[in-house]
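Chains, contacts and geometry: an overview
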Amino acid sequence: MNSWYNKLLFSILVTLVMNALDMLYHLSTSWAVHLNYAAVKLTLIFLSVYLITALVGIGKQEGIVASILGPFMFYVYYVFANPTLNREVFNIDEQFWFFFLHAAFMLVAYFAMRYSVQKASVWKSYIQAFVVWWSMMALELLFLMAVWRLQGIEEEAATMMMTFSIAWPVLLVLFVALGLGLLVRKNWVAALLAGIGTALVQDTLSGVFVLIMTWLAWQAVTLTDKETRTKSVSA
Amino acid sequence: MKRISWLIWSLVCLALGSFYEFVPRASIKALWPALLFDISIGSMRIRQNDLILVATILLTVGIVFLYKWLKMGKN
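Residues numbered from 1 in each chain as written. Chains lettered and ligands numbered in written order. Predicted model: local features only at pLDDT ≥ 70, side-chain atom pairs only at ≥ 80, totals over all residues. Heavy atoms only, no water.

With respect to the interface of chain B and chain A
For clarity, the threshold we go by: Note on definitions: a residue-residue contact is assigned when non-hydrogen atoms from the two residues lie within 4.5 Å. Summed over both partners, buried area is the accessible surface (1.4 Å probe) that two parts give up on being assembled. Every case where a carboxyl oxygen of Asp or Glu lies within 4 Å of a side-chain nitrogen of Lys or Arg is listed as a salt bridge. The definition of a polar contact used here is a pair of N or O atoms within 3.5 Å, where within protein one atom must be able to donate a hydrogen and the other to accept one, and adjacent residues in sequence count solely through side-chain atom pairs. Secondary structure counts use DSSP, requiring at least four H or I residues in a row for a helix and at least two E residues in a row for a strand, with both numbered from the N terminus. Polar here means any residue outside two lists: the nonpolar Ala, Val, Leu, Ile, Met, Phe, Trp, Tyr, Cys and Pro, and the charged Asp, Glu, Lys and Arg; Gly therefore counts as polar.
Each partner contributes residues to the interface: chain B has 20 residues there, and chain A has 22 residues. A combined buried area of about 1,900 Å² lies between chain B and chain A, and 72% of that area is made up of carbon and sulfur atoms. For chain B, the biggest contributors to the area lost against chain A are B:N49, B:V64 and B:Y67; these three give 28% of the whole. In this assembly, chain B and chain A are joined by one salt bridge. A salt bridge links B:K71 to A:E62; the shortest N-O distance between them is 3.5 Å. In this structure, the connection of chain B to chain A is made through three residue pairs in polar contact (both at pLDDT 80 or more). By residue number, the principal contributor to the side of chain B that touches chain A is helix α3 (residues 48–74) of chain B, which donates 16 residues. Its residues assigned to classes, the side of chain B that touches chain A comprises 11 nonpolar, five polar and four charged.

As for the side chain of A:T53
All names here are of chain A. Stated precisely, the cut-off is as follows: Accessible area is worked out with a 1.4 Å probe on protein chains only. A residue is then buried under 20% of its type maximum, exposed over 50%, and partly exposed in between.
Turning to its location among the elements, T53 is positioned in helix α2 (residues 35–55). Look at T53 and you get buried, because its relative accessible area is 2%. If near-sequence neighbours (up to four positions away) are discounted, T53 is found in contact with K7, F10, S11 and I58.

As for the nonpolar core
Nonpolar side chains tend to gather and get buried jointly when the protein is soluble and globular. Stated formally: Nine residue types can take part in a nonpolar core, namely buried Ala, Val, Leu, Ile, Met, Phe, Trp, Tyr and Cys, and a core is a set of them joined through side-chain atoms within 4.5 Å.
Membership of the largest hydrophobic core comes to 88 residues, with the highest contact counts inside it found for A:W134 and A:M137. With 16 residues, helix α5 (residues 124–150) of chain A is the single largest residue contributor to this core. Aside from chain neighbours lying at most four places away, what touches A:W134 is A:L16, A:V17, A:A20, A:L21, A:L24 and A:L171. Counting residues in each nonpolar core, the second largest holds six residues, with B:Y20, B:I28, B:L36 and B:L51 among its members.

Concerning the layout of surface pockets
Residues and elements named next belong to chain A. Our working definition: Space inside and on the surface of the protein is sampled on a 1 Å grid over the protein atoms alone, with a cavity defined as a set of points where a 1.4 Å probe fits but cannot get out and a pocket as an open set with protein on both sides within 12 Å along at least 5 of 7 lines; lining residues have an atom within 4 Å of a point. Grid points are joined across faces, edges and corners, and a volume is the space filled by probe spheres set on the points.
Space inside the largest pocket adds up to approximately 390 Å³. If you trace the largest pocket, you find 17 residues lining it, with S125, Y126, A129, L182 and W218 closest to the centre. Mapped by element, the contributors of at least two residues to the lining of the largest pocket are α5, α7 (164–184) and α9 (204–226). Grouping the constituent residues of the lining of the largest pocket by class yields nine nonpolar, six polar and two charged.

Points about empty space enclosed by the protein
Residues and elements named next belong to chain A. Following the criterion strictly, the structure yields four cavities of 30 Å³ or more and no others. As for the largest cavity, its lining consists of 13 residues, of which A32, V33, H34, Y37 and K41 are closest to the centre. Every element with two or more residues in the lining of the largest cavity is listed here: α1 (4–28) and α2. The leading source of residues in the lining of the largest cavity is α1, at four residues. Here the residues of the lining of the largest cavity are counted per class, giving seven nonpolar, three polar and three charged. Approximately 60 Å³ is the volume attributed to the second largest cavity. Along its surface, the second largest cavity is lined by V33, H34, L35, M145, W148, R149, I153, E155, A158, T159 and M162. Among the elements of the structure, α5 and α6 (155–161) are those that each provide at least two residues to the lining of the second largest cavity. Its residues assigned to classes, the lining of the second largest cavity comprises seven nonpolar, two polar and two charged.

Concerning the environment of A:Y75
Residue and element names in this part refer to chain A. Take Y75: it is sitting in helix α3 (residues 60–80). Residue classification places Y75 among the partly exposed residues on the basis of a relative accessible area of 23%. Sequence-wise, Y75 and R114 are 39 residues apart; in three dimensions their C-alpha atoms are separated by 25 Å. Sequence-distant contacts of Y75, that is, excluding residues within four places in its chain, are made with E94, Q95 and F96.

This is how it looks when you write it as structure tokens:
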């Protein structure tokens, strides 16, 4: 994976998958998902993965280092930043034990993406679909929070609106759409079904967003796959 | 870039990042108030959390540069 844009896409997809796993976990266990904190996580995770990918390469050791560095750095951020959400109302993942959870999600995201760009195997297309599925979850949840922010909904109210009941229908729709897309081996079918399904469970704007982004996510995954390397490449 | 350059840049980033991350705001202000960048850019004011985020980014960059330096030594 020598080109800079493939390394960039690889890092973006790892970041999205990790954050989606994290957000869904938080929502399912009633911990707050807040746009500003999600933005900080996205920034620090992406930076960790991209810098290591671009400067050192992609490999087992690099994946483990990235999976430790990113979560550790946003734990450090939590410790020293001023709280912006009322801790008496919202549970925020600032305790140290969350580091291990975040690191576990990072490992899943990184090695799923690494597997997606390795040489052909029976499981490859399924792992790629997994990457697209969770990337889309992150994008859709971020899209919803961004739309609420633009609509002027106050941040604490938006945090209360972002619940598991909003997320799980989209998760299911994407799962079914991507599964059917795999069956017929047509990515545009998956994107179309995902868009229609999301429009039914959410709203038309989300449906259009999911349709376009699912197709783009598939393109991103297959683009990174075209230049596959399994060894670490020094910059 | 030469191997030593990665180490130098790593130490610079770690030093700068550590300064803003770990030194209390009051101590920085006592040292030199301008170091707090207490200014507005457009309609947005630079807040404490913005400095902490930049410091965290610098620390991340510093650690990755250190990793790169270590990897170059092994190769």
